[in-house]
Every structure is written in C-alpha cells, then in structure tokens.
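One-letter residues, chain by chain:
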Amino acid sequence: MRETPDELHRLQALLDASLARSTAHLRSIINSERSLTADQLTGVLTGMCTLALSTVTAKGEPRISGVDGHFLHGMWHFGTARGAAKARHLAARPAVSAAHLRGEDLGVFTHGTAEVLNPHGGEPAADWPELLAYFRDFYGHDAFDWDNDVVYYRLHPQWMTAFAPDPAKLDAAADEA
C-alpha cells in the first residue's frame, strides 16, 4: 500500500459518492455489505492487476483491450506500446473505462480520464521518476526502452466502485499475502 492518508480519504470519498449516484439496480448489487472501503481496496489491489481497458476510436466505436494495471496512490496506472492503437485513441480521446475482475470474488469498475505520464519529447509528470522506479523494479530495468518504447498513463477516476460478495474473505487473503 503506497497511499497517504489524504489519498485514502479522497479514494473513500470517490467510492462513497460514486455508489450514491449510481442507479438503484447497481446499488441493489453493490451495497454496504458487498462494497470495499478504500483501505480494503488498496490492501487487495497490490502488484499487477490485469485491467480490461475501454477506449473509443475516431469513428466512436468502442475498443477493449487488456493492460497491466497498477493501483498506486489510489488510482490505476497502466502502460502500452507508444505505437499501439489504444495509445492513438487515448491521445485523441482520453476518456476511458477500466474493469478489474477476479472471478466472482472481486470487481473494480472505474470511469475517468487518462493522463500521459511520460510524453515522448515532452515534460513528464512530476511524480514520473518515482513511478518509473516502481515500474523498473517490477518489470526489470532493461525490460523496455523506457523513453521510446512505452507510454504510461494515470487514470484519474471520476467514478469508481468495488464489489466483493464477501469483503472479509478478501481481507483474509490480503493478510496472508
């Protein structure tokens, strides 16, 4: 868990507000007994979590693909090849949706806007050195040409919810890890 108390507070406020403004149908599925707190969520979303990431083409057609998601500081971070279709989509239309599912045990759903962290030839995000160190430790320092091959994003969530039929079961699994 890399979140500060302020980041946890913001994440909890987002989770609460997102659920409150959801439809009655969604709230009948994801209710107070089957949703995760910010503390629980950051405890289970460690390491790499496969995300189903949805972008939109220039024709307005949806596209979904898988990315390595890393939940850091209360937000998803993910990368792709600079020449990938999703990189072109995100450059023109940064609105995205992401889902992380673990069978029927966990579902995390996020809608928001993607921010480029290491633009090619541009000024990187202020925290890019810290994030790059994390990614290099995770994938290996020589895994990529970090300046030219990959582009990384931070998903700024505008809506997020987390479903678990038995949050205590996830808590126990996180404690064992």
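Residues numbered from 1 in each chain as written. Predicted model: local features only at pLDDT ≥ 70, side-chain atom pairs only at ≥ 80, totals over all residues. Heavy atoms only, no water.

**Focus: the overall build of the chain**
Short version of the rule: Working definition: helices are DSSP H or I runs of at least four residues, strands are E runs of at least two. Numbering for both runs from the N terminus. Each radius of gyration reported is based on C-alpha atoms, and the globular scaling rule is 2.2 Å times the count of residues to the power 0.38. With a 1.4 Å probe rolled over the protein chains alone, any residue whose accessible area is under 20% of its type maximum counts as buried; one over 50% counts as exposed, and the rest are partly exposed. Note on areas: these come from Shrake-Rupley sampling with a 1.4 Å probe, and a residue is covered only by the protein chains present in the view. Think of it this way: Lys and Arg go in the positive column, Asp and Glu in the negative one, and His and the chain ends go nowhere. Where a charge lies is defined by one atom per residue type: Lys uses NZ, Arg uses CZ, Asp uses CG and Glu uses CD.
Each helix and strand in the chain was counted, giving six helices and six strands. For the chain, the sequential pattern of α-helices and β-strands runs α-α-α-β-β-β-α-β-β-α-β-α. Against the globule reference of 16 Å for 177 residues, the chain gives a C-alpha radius of gyration of 16 Å, in line with a compact fold. For the chain, the spread of C-alpha atoms along the principal axes amounts to about 45 × 40 × 30 Å. In the chain, buried positions account for 42% of the 177 residues. Accessible surface computed for the chain: about 9,200 Å², of which carbon and sulfur atoms make up 55%. When the 15 basic and 23 acidic side-chain charges of the chain are each reduced to a single mean position, those positions are 10 Å apart.

**Comments concerning the sheet that holds strand 6 (residues 150-163)**
Let me state the cut-off plainly: Only strands that DSSP links by at least two bridges are regarded as paired with each other. All axes here are fitted lines through C-alpha atoms, helices being fitted over the stretch that makes contact, and every angle between N-to-C directions spans 0 to 180 degrees. We call two residues in contact when some of their heavy atoms are within 4.5 Å.
What the six strands build is a closed barrel, ordered 1-2-3-6-5-4; its pairing is antiparallel. Strand-to-strand twist in this sheet, taken as the mean axis angle between neighbours without regard to direction, amounts to 40°. Sheet topology note: the strand 3 (residues 75-81)/strand 6 ladder contains six bridges and is antiparallel. Across the sheet, residue Thr 80 finds its bridge partner in strand 6, namely Val 151. Contacting strand 2 (62-72) and strand 6, helix 1 (residues 5-20) runs over the sheet at an angle of about 55° to strand 6. Those strands touched by helix 4 (residues 85-92) are strand 1 (48-56), strand 2, strand 3, strand 4 (95-102), strand 5 (106-116) and strand 6, and its axis lies near 60° from that of strand 1.

**Brief notes about the pairing of strand 6**
In terms of burial, strand 6 is largely enclosed, as eleven of its 14 residues are buried. Both strand 5 and strand 6 contribute to a ladder of ten bridges, which runs antiparallel. Opposite Thr 113, over in strand 6, you have His 156 as the bridge partner.

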